[in-house]
Amino acid sequence: MLEFFLVFLIGLLLAIILGFPILKLSKKFHLSQTILHYVDNHAGKNGTPTMGGVIFILPCLLASLIFARGELYLPILILLLMLGYGLLGFLDDFIKIKNHKNGGLKPYQKIIGQGSIALIVAIFAYFNIGSSLNFFGIELEIGLFVIPFIIFFYVAVTNAVNLVDGLDGLASGVSFVYLIFFGIIIALTSDFNFALIAFSLAGALLGFLLFNCYPAKIFMGDTGSLALGGAIASLAVFSRLELIMPIIGILFVVTSLSDVIQVLHYKRTHRRIFKMAPLHHHFEKCGVNENRIVAVYIVITIVCGIGTLIGYLFVTGVL
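Residues numbered from 1 in each chain as written. Predicted model: local features only at pLDDT ≥ 70, side-chain atom pairs only at ≥ 80, totals over all residues. Heavy atoms only, no water.

## What about the confidence of the model for the protein?
In step 1: On average, the protein scores 93 in pLDDT, and the residues at 70 or more come to 96%.
In step 2: By mean pLDDT, the top-scoring element of the protein is helix H5 (residues 146-164) (98), and the lowest-scoring one is strand E2 (residues 138-141) (93). (pLDDT = per-residue confidence, 0-100. Helix = DSSP H or I, 4+ residues; strand = E, 2+ residues; numbered from the N terminus.)

## Thoughts on unusual backbone geometry
In step 1: Cis geometry marks the peptide bond from Tyr 214 to Pro 215; its omega dihedral reads -10°.
In step 2: Looking at where Pro 215 falls in the secondary structure, it is placed in the loop between helix H7 (192-212) and helix H8 (221-238).
In step 3: With an omega dihedral of 0°, the bond running from Ala 277 to Pro 278 counts as a cis peptide bond.
In step 4: Looking at where Pro 278 falls in the secondary structure, it is placed in the loop between helix H10 (250-269) and helix H11 (279-285).
In step 5: In the Ramachandran plot, Met 51 falls in the positive-phi region, its phi being about 65° despite a non-glycine side chain.
In step 6: Counting through the fold element by element, Met 51 comes out in the loop between helix H1 (2-28) and helix H2 (54-67).

## A word on the pattern of salt bridges
In step 1: On inspection of all chains with the given rule, the structure shows eight salt bridges.
In step 2: Measuring nitrogen to oxygen at the nearest pair gives 3.1 Å for the salt bridge that ties Lys 96 to Asp 92. Here the residue Lys 96 and the residue Asp 92 both occupy positions in helix H3 (residues 73-99), the gap between them amounting to four residues, near one helical turn.
In step 3: Classification of Lys 96 by relative accessible area gives buried; the value is 12%.
In step 4: One continuous salt-bridge network, built from bridges that share partners, spans Asp 92, Lys 96, Lys 110 and Asp 222. (Salt bridge = Lys/Arg side-chain N within 4 Å of Asp/Glu carboxyl O. Buried < 20%, exposed > 50% of the residue type's maximum accessible area, 1.4 Å probe, protein only.)

## Some points on the pairing of E2
In step 1: In this sheet, E2 lies alongside strand E1 (residues 132-135) in antiparallel orientation, the contact comprising four bridges. Pairing of Ser 132 across the sheet is with Glu 141, part of E2.
In step 2: Where E1 hands over to E2, the hairpin turn is made up of two residues, of which Phe 136 adopts a positive phi near 50°. (Pairing = 2+ DSSP bridges.)

This is the structure in structure tokens:
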């Protein structure tokens, strides 16, 4: 347990230390975000530096590798996958900055990139990790179906985290809480090094929140949100706890569903269910303060995390 606390602390401190020069460089080189024109109450955020995901990606890498022990090829693979998805996000951010528009990679290009990485992981996982899922200690064997399942899981999770990154501190705050509880479950049931990555990333996210909480001095950008989604998905896949992820991360699921429902309903009826999707923007349009939305999302994630942890400990016989 001491290693988990130390890796969390180092991730936190490194993020704070790196945050100041990265913020300064972002401003110097005008790495700023162009805000969507139809998000009226976000007009004041226009020009805020982006690509801030580097602030938590690098500390997570360094802290994890400092304390990692034993066989390292799977933990290193998880970190490489985080970097791979982060690189895809960096390309998206770079196009936005270069063109001074909010549109970066086209949706189908993102899906192809996310799916291609996921396909490689799915085939690797099938032959090296197995084809069963662990749901509260129950082994669910799904055979070859694990390959399309993992591909879908990666695409869904990375896009979900990307969608949640719509308010100052929302994605970083929710993900921080999620990783704490998921890290505890991994520490109790799976690989020591996987838990290290979860806690180091949680610490780094807490440090990043110093710069990303309202009013945000820097956004994580797709560089951060896709890297974060890739890390969350990879930790779940390699620990075989994919079915636990949407329970603790219920707000990732709800956010994605709100966007999908809005699009499908509008195409069918030309009417909107929500004032704006994803759901957090609907609440904004209803007049709810941005900080209140973030706080409620974090509290809900804490409640789901506590409930899931207690349930997991009870079902597996620890309690």
